Amino acid sequence: MARSRAVYEYTEAEDKSMRLGFLLIAAGLLSLLGLGCCWLRPALQERGGGGPANCTVLAVRQLGERFACTFSCGAACRGTARYPCLQVLVRTSRSSAPALLHEDERQLRTNPKCSYIPPCARDDQENSENVTYKQKYWKEKVGAQPFTCYFNQHLRPDDVMLKRTHDETVLLHCFLWPLVTFLVGVLIVVLTICAKSLAVRAEAIKKKKHL
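**Some details on the overall build of the chain**
Next up, step 1: Along the chain, the regular secondary structure elements total five helices and five strands.
Next up, step 2: In sequence order, the chain lays out its α and β elements as α-α-β-β-β-α-α-β-β-α.
Next up, step 3: In the chain, which comprises 211 residues, the proportion classed as buried is 32%.
Next up, step 4: Nonlocal contacts in the chain, meaning residues at least 24 apart in sequence, comprise 72% of its contacts between residues at least 6 apart.
Next up, step 5: Accessible surface for the chain amounts to roughly 13,900 Å². Of this, 58% is attributable to carbon and sulfur atoms.

Here it is in structure tokens:
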């Protein structure tokens, strides 16, 4: 009986392989749970309440109000500048009511009153020039041409976004890499067990031949 037990004991290398496999399985499952809470849930909320639509510019204007932004001038150097607020009002194919256009969801959360946040420069004049350039772009280059925008009637019925933050690529990566990690872990465990089983059978057949 002692010899039979010794045969089925894993070697140090096999034991390490089994531990690595179980570690990858656990990491894959935890990644699925974590990414599901951080990315998949808000993505489904964003996609569940709306979708793409055709937008047409109604008005482009600058408000008199200015907002603060933080610029970086080195590793330990930061400062505050200001930029004018640009608003782009559009009409969507899903609704006749005007909506405020935003670059994406991040910009919407940072400043929900404006349609554009320029790269923050030290000089306020440079920030104003960037906003004016964007204003001309929407007035002259886009004009009355329809373009694709995204909306969510449940979360932000009065706002639309030019780009969707959580697209199909993000959703794919939320599942793909944790799933690959999980499957690699399962494969390592299965191969280690199969290799051990074959080695034990080979050893048993070898002993029978000697008998």
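**A closer look at the environment of A97**
Next up, step 1: Note on placement: A97 falls in strand β3 (residues 95-102).
Next up, step 2: For the pair A97 and D158, spaced 61 residues apart in sequence, the C-alpha separation works out to 8.2 Å.

**So, a negative patch on the surface**
Next up, step 1: Side chains of D123, D124, E126 and E129 sit close together on the surface and give a patch of like negative charge.
Next up, step 2: As for its position among the elements, D124 is in helix α4 (residues 124-142).
Next up, step 3: Overall, the relative accessible area of 33% leaves D124 in the partly exposed class.

**Here's the deal with the side chain of Q135**
Next up, step 1: With respect to the helices and strands, Q135 occurs in helix α4.
Next up, step 2: Among all residues touching Q135, those that are not within four sequence positions of it are V60, R61, Q62 and L86.

**A word on the packing of aromatic side chains**
Next up, step 1: Considering all chains together, one arrives at three aromatic pairs under this definition.
Next up, step 2: Ring geometry for Y137 and W138: centres 5.5 Å apart, planes at 80°, overall edge-to-face.
Next up, step 3: Between the aromatic rings of W138 and F147, the centroid separation amounts to 5.3 Å while the plane-to-plane angle is 55°, which identifies the pairing as tilted. Note on accessibility: W138 and F147 belong to one class, buried.

Analysis parameters
- Residues numbered from 1 in each chain as written.
- Predicted model: local features only at pLDDT ≥ 70, side-chain atom pairs only at ≥ 80, totals over all residues.
- Heavy atoms only, no water.
- Helix = DSSP H or I, 4+ residues; strand = E, 2+ residues; numbered from the N terminus.
- Buried < 20%, exposed > 50% of the residue type's maximum accessible area, 1.4 Å probe, protein only.
- Contact = heavy atoms within 4.5 Å.
- Areas by Shrake-Rupley, 256 points an atom, 1.4 Å probe, with all protein chains shown as cover.
- Patch = residues over 30% accessible without salt bridge, like charges linked within 9 Å, V, L, I, M, F, W, Y side chains within 5 Å.
- Salt bridge = Lys/Arg side-chain N within 4 Å of Asp/Glu carboxyl O.
- Lys, Arg positive; Asp, Glu negative; His and termini not counted.
- Charge placed at Lys NZ, Arg CZ, Asp CG, Glu CD.
- Phe/Tyr/Trp six-rings, centres within 6.5 Å; stacked < 30°, edge-to-face > 60°.

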